[in-house]
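Below, each chain spelled out in residue letters.
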Amino acid sequence: EEVEGMRVREELEVIVYEASRLPNADQGRTLYSEDKSDPYVVVTVTPTRGRAVTKRTHHVSDSLDPKWYSTPAGKPATAAEAAAGAATLGVRLRFAPVTSTASTLHVLVKDRNTLTPDEDLGSVSLPLRQLDFRGEAELSRWFSLSSAGALRLGLRWRYGATRLARGQTHDTDAIKAGLR
């Protein structure tokens, strides 16, 4: 749908809050007996057509039950900063344009390493069309990971009009159907 050179688009906002009971990929691999995984989250939105887009959070050091905090400006933050009121729980990752009927969300939790390649701790793939969204309300839910543990995500669709750059396209019929 075009409105004076504008088209409706969807933006998907993924909020990564916390994980629970992650495997310890660092146990017995370092000189420090107390060493634990250093998890971060990689989120990829894969459309039916077009190129996949990937974004990631910062890592949380030595935690099997990590919480991701960020400042109002979107910078990584700590639990101490959140306790002082300078940060909030959740890292917001925005993807646009995205159509809910044609995209898959793939979420991978990884362990950050310095001398060896990062290791997978677990993943979940979500066909976005199967999730129950209500307007622009956030869907907040725990998702079981493929290996062990769980990850709490918030998902929110944002609808609106935006100017499209030359050559940019997306499935406007699917978007209009989702707005009804």
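This one's a predicted model, so the numbers in the text were calculated from it and none came from an experiment.

Rules of the game
Counting from 1, residues in each chain are numbered in the order their sequence is written. This being a predicted model, a pLDDT of at least 70 is required before a residue's local features are given, and a value of 80 or more before pairs of side-chain atoms are given or counted; all residues contribute to the totals for chains, interfaces and linings. Excluded from the side-chain calculations are hydrogens and water; all other atoms, namely the structure's heavy atoms, are used. The helix count covers DSSP runs of H or I at least four residues long, the strand count covers runs of E at least two residues long, and both are numbered beginning at the N terminus. A simple rule labels every residue: compare its accessible area, found with a 1.4 Å probe on the protein chains alone, to the largest value its type can have, and call it buried under 20%, exposed over 50%, or partly exposed in between. Contact definition: two residues touch when any of their heavy atoms are within 4.5 Å. Should a side-chain nitrogen of Lys or Arg be within 4 Å of a carboxyl oxygen of Asp or Glu, the pair is scored as a salt bridge. Among the buried residues, those of types Ala, Val, Leu, Ile, Met, Phe, Trp, Tyr and Cys that are joined through side-chain atoms within 4.5 Å form a nonpolar core. Any two strands are treated as partners once DSSP identifies two or more bridges connecting them. Each Phe, Tyr or Trp ring, with Trp reduced to its six-membered ring, pairs with another whose centre is within 6.5 Å; inter-plane angles below 30 degrees give stacked pairs, above 60 give edge-to-face pairs, and intermediate values give tilted ones. Only when the NZ atom of a Lys or the CZ atom of an Arg is both within 6 Å of the ring centre and within 35 degrees of the ring normal do we say a charge sits over the ring. Note on scores: pLDDT gives the predictor's confidence for each residue, bounded by 0 and 100. Every axis in this analysis is a line fitted to C-alpha atoms, fitted for helices over the stretch in contact. Angles between the N-to-C directions lie between 0 and 180 degrees.

Asker: Hey, could you run me through the overall build of the protein in this one?
Answerer: For the protein, the helix and strand inventory stands at two helices and 12 strands. Going from N to C terminus, the protein has its helices and strands arranged as β-β-β-β-β-β-α-β-β-β-β-β-β-α. A buried classification covers 43% of the 180 residues belonging to the protein. A sequence separation of at least 24 residues applies to 61% of the contacts in the protein between residues at least 6 apart.

Asker: Can you walk me through the pattern of salt bridges in this structure?
Answerer: Pairing is possible between side chains of opposite charge, provided their charged atoms come close. Counted by the stated rule, this structure contains six salt bridges. In this structure, Glu11 engages Arg94 in a salt bridge whose closest nitrogen and oxygen atoms are separated by 3.8 Å. Pair noted here: Glu11 is in strand S2 (residues 6-20) and Arg94 is in strand S8 (residues 91-95), with a separation of 83 residues, a long-range link. The residue Arg94 makes a salt bridge to Glu13 at a minimum N-O spacing of 2.7 Å. With Arg94 in strand S8 and Glu13 in strand S2, this residue pair connects regions lying 81 residues apart in the sequence.

Asker: It is not clear to me how the nonpolar core should be interpreted in this structure. Could you clarify?
Answerer: It is characteristic of soluble globular proteins that their nonpolar side chains tend to be buried jointly. Among the nonpolar cores identified, the biggest contains 30 residues, and Leu12, Val14, Val16, Val43, Leu105 and Leu151 are the most heavily contacted of them. Residue assignment for this core shows that the elements contributing at least two residues are S2, strand S3 (39-47), S8, strand S9 (103-111), strand S10 (119-127), strand S11 (139-144) and strand S12 (150-162). Apart from residues no more than four positions distant in its own chain, Val43 is found in contact with Val14, Val16, Val53, Thr54, Lys55, Leu93, Phe95, Leu105, His106 and Val107.

Asker: Can you help me understand the sheet that holds strand S7 (residues 88-89) in this one?
Answerer: The strand order S6-S5-S7 describes an open sheet built from three strands, whose pairing is antiparallel. Looking at strand neighbours, the two that pair on one side only are strand S6 (76-77) and S7, the edges of this open sheet.

Asker: So what exactly am I meant to see when it comes to the packing of aromatic side chains here?
Answerer: Aromatic rings in a pair are described by how distant their centres are and how their planes are angled relative to each other. Taken as a whole and assessed by the stated rule, the structure comprises zero aromatic pairs. One residue, Lys55, lies across the ring of Phe95, its end atom 5.2 Å from the ring centre. Above the face of the Tyr17 ring, Arg152 is positioned so that its terminal group lies 4.2 Å from the ring centre.

Asker: Would you mind going over the side chain of His58 with me for this structure?
Answerer: Locating His58 in the fold gives a position in the loop between strand S4 (53-56) and strand S5 (69-70). Not counting residues within four places of it along the chain, the set of residues in contact with His58 comprises Pro39, Tyr40, Trp68, Tyr69, Pro76, Ala77 and Val91.

Asker: Looking at this model, I keep getting lost on the confidence of the model for the protein. Mind explaining?
Answerer: In regions of low pLDDT, the predicted coordinates are not meant to be interpreted in detail. The predicted model of the protein averages 81 in pLDDT, with 75% of residues at 70 or higher. Per-element mean pLDDT across the protein ranges from 41 in helix H2 (residues 172-179) up to 96 in S5. A low-confidence stretch, residues 1-7 stays under pLDDT 50, and its non-local contacts, those more than four residues away or across chains, total 17 contacts.

Asker: Where do I start with the sheet that holds S4 in this structure?
Answerer: Neighbouring strands of a sheet are bound in pairs by backbone hydrogen bonds; such pairs are parallel or else antiparallel. Strand order in the open sheet formed by four strands is S4-S3-S9-S10, and the pairing between neighbours is antiparallel. Whereas interior strands pair on both sides, the edge strands pair on one side only; in this sheet they are S4 and S10. The mean inter-strand angle of the sheet, taken between neighbouring strand axes irrespective of direction, is 15°. Here S3 runs beside S9; their pairing, made up of nine bridges, is antiparallel. When the bridges of S9 are listed, Pro39 appears paired with Asp111.

Asker: Where do I start with the pairing of S3 in this structure?
Answerer: Two faces belong to every sheet, and in a regular strand the side chains alternate between them. For S3, a buried count of seven out of nine residues is recorded, marking the element as mostly surrounded by other parts of the structure. Across four bridges, the pairing between S3 and S4 is antiparallel. Looking at S4, one finds that Val45 is bridged to Val53.

Asker: Mind showing me how you'd approach the environment of Arg158 here?
Answerer: By secondary structure assignment, the location of Arg158 is in strand S12. For Arg158, a relative accessible area of 27% corresponds to the partly exposed category. Separated by 62 residues in the primary sequence, Arg158 and Ala96 have C-alpha atoms spaced 9.4 Å apart.

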